[in-house]
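Reading the structure
Single-letter residue listing:
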Amino acid sequence: AILGKEKGTGTSTNMIYLNHVGTSWPKPEAVNQAMLEFQQAPPTEWGPVFDDALQSTCNFFGITNPERFMFTTSCTSSLAVALGDFPWQAGIDKLVISSMEHHALSRWY
């Protein structure tokens, strides 16, 4: 989660970027600054940042058990995990997707 101040106003925002790469350009300055600070921090300091982001995200979605939530690299990756963990029954279950979904999601079924 990236929390910061709105550029030029000094006003705090509670914006959470769940998909940093998938958002628009240019990024708000608070996002640029937070990403720069994180990227320059040594890996030994990443754990608490990740834990805070996980807890903030779970709170936002009302998830009480953080073990029931996971970050993935993309929407396609998230859907692949969800679909891959579903106990599919051949001949009974059907996968219905639109033409907007990535074709990789329908390859296994």
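Residue positions are given per chain, counting from 1 as you read along its sequence in written order. Under the rules for a predicted model, residues below a pLDDT of 70 receive no local features and side-chain atom pairs below 80 are neither given nor counted, while totals for whole chains, interfaces and linings still include all residues. With hydrogens and water stripped out, all remaining heavy atoms of the structure feed into the side-chain values.

Some remarks on the overall build of the protein
- To qualify as a helix, a DSSP run of H or I must reach at least 4 residues; to qualify as a strand, a run of E must reach at least 2; elements of each kind are numbered from the N terminus. Of the regular secondary structure elements, the protein holds three helices and two strands.
- The linear arrangement of helices and strands in the protein, starting from the amino end, is β-β-α-α-α.
- Exposure is judged per residue with a 1.4 Å probe applied to protein chains only, and the accessible area is read against the type maximum: over 50% gives exposed, under 20% gives buried, and values in between give partly exposed. Expressed as a percentage of its 109 residues, the buried residues of the protein come to 12%.
- In the protein, 28% of the contacts between residues at least 6 apart in sequence involve partners at least 24 apart. For this analysis, residues touch if any pair of their heavy atoms sits within 4.5 Å.

Observations concerning the packing of aromatic side chains
- For Phe, Tyr and Trp, where Trp contributes only its six-membered ring, two rings pair if their centres lie within 6.5 Å, and the inter-plane angle classes them as stacked under 30 degrees, edge-to-face over 60, or tilted in between. One pass over the full model with this rule turns up four aromatic pairs.
- Ring geometry for Phe60 and Phe61: centres 4.9 Å apart, planes at 90°, overall edge-to-face.
- A relative accessible area of 46% means that Phe61 is categorised as partly exposed.
- Grouped by ring-pair contacts, the aromatic residues Phe50, Phe69 and Phe71 constitute a single cluster.

Details of a nonpolar patch on the surface
- Here the term patch refers to residues with relative accessible area over 30% and no salt bridge, with like charges joined within 9 Å and nonpolar side chains (Val, Leu, Ile, Met, Phe, Trp, Tyr) within 5 Å. For the accessible areas, the method is Shrake-Rupley and the probe is 1.4 Å, while residue cover comes only from the protein chains on display. In what follows, salt bridge is the name for a side-chain nitrogen of Lys or Arg lying within 4 Å of a carboxyl oxygen of Asp or Glu. Taken together, Phe38, Trp46 and Val49 make up a surface patch of nonpolar side chains, about 250 Å² in accessible area.
- Secondary-structure assignment places Val49 in helix α2 (residues 46-61).

Some details on α2
- One fewer than the residue count of a helix, multiplied by 1.5 Å, yields its expected span. If you check α2, its first and last C-alpha atoms are 23 Å apart, about what 16 residues at 1.5 Å a residue would give, namely 22 Å.
- Burial in α2 covers these residues: Ala53, Leu54, Thr57 and Cys58. Looking straight down α2, one finds that the buried residues subtend no more than 130° of arc, so they occupy a single side. The exposed residues of α2 that point more than 90 degrees off its buried face are Pro48, Asp52, Asn59 and Phe60.
- Where α2 ends, the next residue or the one after it, Gly62, has phi of about 70°, a positive value. Within this analysis, the arc is defined by the directions that extend from the helix axis to the C-beta atoms.

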